[in-house]
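Structural characterization, general
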Amino acid sequence: MLPITLLAIAIVLIFILNVYIQITSDNSMSIDAQAKKSCIVANTIQNMFEIIGSEKNATEKIEELNNVILAEFKPKYSSIVLYDGNDFEVKASNVEKEFRDSIKNVATENTFSAYVTKNISKYIVATEYKTLSYRSALERNIKSTIFSPIYFNDTFLGFWLIEDVKEHSFNDLADQDLAKFKYNIGLFIENVLDQNTIEVAESTDKQTGFYNNTYLYSNSRPIIMAHDTSSLTLICLNNIPDVNEKYGRNISNTLLVKIANDIKETVSKESLLIRYSGLRLLIITPGSNAQLAQPIIEKVLTNIKNEVEYIDDEKVTLTAQILIHTIKKQNNVEKEIQDMVSYIDQMEQVNTIKII
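Computed from a prediction, not measured in an experiment: that's the story for all the values here. (Residues numbered from 1 in each chain as written. Predicted model: local features only at pLDDT ≥ 70, side-chain atom pairs only at ≥ 80, totals over all residues. Heavy atoms only, no water.)

1. Some details on the pairing of strand 11 (residues 321–328)
Along any regular strand, the residues point their side chains to alternate faces of the sheet. Burial analysis of strand 11 places six of its eight residues in the buried class, which makes it a mostly covered element. When strand 11 meets strand 12 (residues 352–355), the two strands line up parallel, connected through four bridges. Following the sheet pairing, Ile-324 is matched in strand 12 by Ile-355. (Buried < 20%, exposed > 50% of the residue type's maximum accessible area, 1.4 Å probe, protein only. Helix = DSSP H or I, 4+ residues; strand = E, 2+ residues; numbered from the N terminus. Pairing = 2+ DSSP bridges.)

This is the structure in structure tokens:
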């Protein structure tokens, strides 16, 4: 009996020892994984400050940060969405375009809205019996998500969202590391928004709110290059000098501002609106062409003709000459616009649209 008892005790001791070794090993692996995640957070924060100090514009800096997050955290998706007090805008994301509208509004959904109010980051994981319920998560097979509101000085600026198709992808990200990252991304976004304010002031025509030529030649080329074709629409308000001379600049300026606002409300949000010169306005619509642009520009012309100011009983309007042109991504933007300017200078008819 004694040898059997000793054998049983030995088996139990071996089992206990194996369990202890496994637990110790698991804890060691968990500590190592957390240490790696801490290094990832530290590296990402270091990259943030390098990006802030770079010469990139505000938009490029946000996109660069998102690329760093993708490289360091290695999620399937990463998105940075900003809030202007009225609307959300996806500023950087590798989520497929058809799901971007869903992504930009997830902060308003029940899954996350309470965390925005409380300024708390939230990590959620799908399980065998539970799926993630926010929009597009099921379609994209998302199993792990970290949602983190972005705040600076108690002001909500937007949110950061990383997602993965594997369960428990972000388990080893410690709360203190996430809090550290959350604080620093708030500093980063506030800094970038300040830069963007300065950039807009330097590249915007104060009278119309359109971009100026500095912006045109610095920023339009990459946007046009991203599409096979785009449409260029040149509008010449050709009688402004006559109105200035006969009625004074205040009348023409008032009409110009009304027309600029009409254009903003009529064309697509993707269009670039540029005050090319005192008389000329330029509309660049990426991914379009002259035929697609024509019906929209006809509405623009109708609005121009309908804008009226009165001097006593006399009706004052601005007249327009409009050209629409398709530009290919290989074309020289400046040359194409100069050709349009030369053409429009030879036009005699007013309140007409020509496609060239």
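2. A closer look at the sheet that holds strand 1 (residues 77–83)
The strands making up a sheet associate through backbone hydrogen bonding, with each pair oriented either parallel or antiparallel. On the basis of which strands lie adjacent, the open sheet formed by five strands has the order 2-1-5-4-3 and antiparallel pairing. Each having just a single partner strand, strand 2 (88–93) and strand 3 (122–125) make up the two edges of the open sheet. In this sheet, adjacent strand axes meet at a mean angle of 20 degrees when their direction is disregarded. Against the sheet, helix 4 (residues 110–118) contacts strand 3, strand 4 (144–152) and strand 5 (155–164), and its axis sits at roughly 30 degrees relative to strand 4. Where helix 5 (residues 175–203) meets the sheet, it contacts strand 1, strand 4 and strand 5, and its direction lies at approximately 50 degrees from that of strand 4. (Axes fitted to C-alpha atoms, helices over the stretch in contact; angles between N-to-C directions. Contact = heavy atoms within 4.5 Å.)

3. Here's the deal with the sheet that holds strand 7 (residues 272–275)
Pairing is mixed across the open sheet formed by five strands, whose spatial order is 7-8-6-11-12. Here the strands that pair on one side only, and so sit at the sheet edges, are strand 7 and strand 12. Ignoring strand direction, the axes of neighbouring strands in this sheet form an average angle of 20 degrees. The pairing of strand 6 (residues 229–236) with strand 8 (residues 280–286) spans seven bridges and is antiparallel. Each bridged residue has a counterpart across the sheet, and for Ile-235 the counterpart in strand 8 is Leu-281.

4. Digging into the packing of helix 7 (residues 240–247) against helix 8 (residues 249–266)
To describe two helices that pack against each other, one gives the angle between their axes and the distance between the axes. One can describe the packing of helix 7 onto helix 8 by two numbers: an axis separation of 7 Å at closest approach and a directional angle of 140 degrees. Between helix 7 and helix 8, the interaxial angle falls into the category oblique. Residue-level inspection shows Ile-240, Val-243, Asn-244 and Tyr-247 of helix 7 in contact with helix 8, the latter providing Arg-249, Ile-251 and Ser-252. Tallied by class, residues from the contact of helix 7 with helix 8 come to four nonpolar, two polar and one charged. (Parallel < 35°, antiparallel > 145°, perpendicular 65-115°, else oblique. Nonpolar A, V, L, I, M, F, W, Y, C, P; charged D, E, K, R; others polar.)

5. A closer look at helix 2 (residues 58–73)
For helix 2, built from 16 residues, the straight-helix expectation of 22 Å at 1.5 Å per residue is met to within 8% by its first-to-last C-alpha distance of 23 Å. Listing the buried residues of helix 2 in full gives Ala-58, Lys-61, Ile-62, Leu-65, Asn-66, Val-68, Ile-69 and Phe-73. All buried residues of helix 2 project into a common sector of 155 degrees when viewed along the axis, lining one side. In this structure Asn-57 caps helix 2, since a side-chain oxygen of it lies 3.1 Å from the backbone nitrogen of Thr-59. Where helix 2 ends, the next residue or the one after it, Lys-74, has phi of about 55 degrees, a positive value. (Expected span 1.5 Å × (residues − 1). Arc of directions from axis to C-beta. Polar contact = N/O pair within 3.5 Å; in protein donor to acceptor, adjacent residues only side chain to side chain.)

6. Some words on the confidence of the model for the protein chain
For the protein chain, mean pLDDT is 87; residues scoring 70 or higher make up 90% of the total. Predicted confidence is poor over residues 19–29, with pLDDT under 50, and the contacts of this stretch with residues over four places away or in other chains come to zero contacts. (pLDDT = per-residue confidence, 0-100.)

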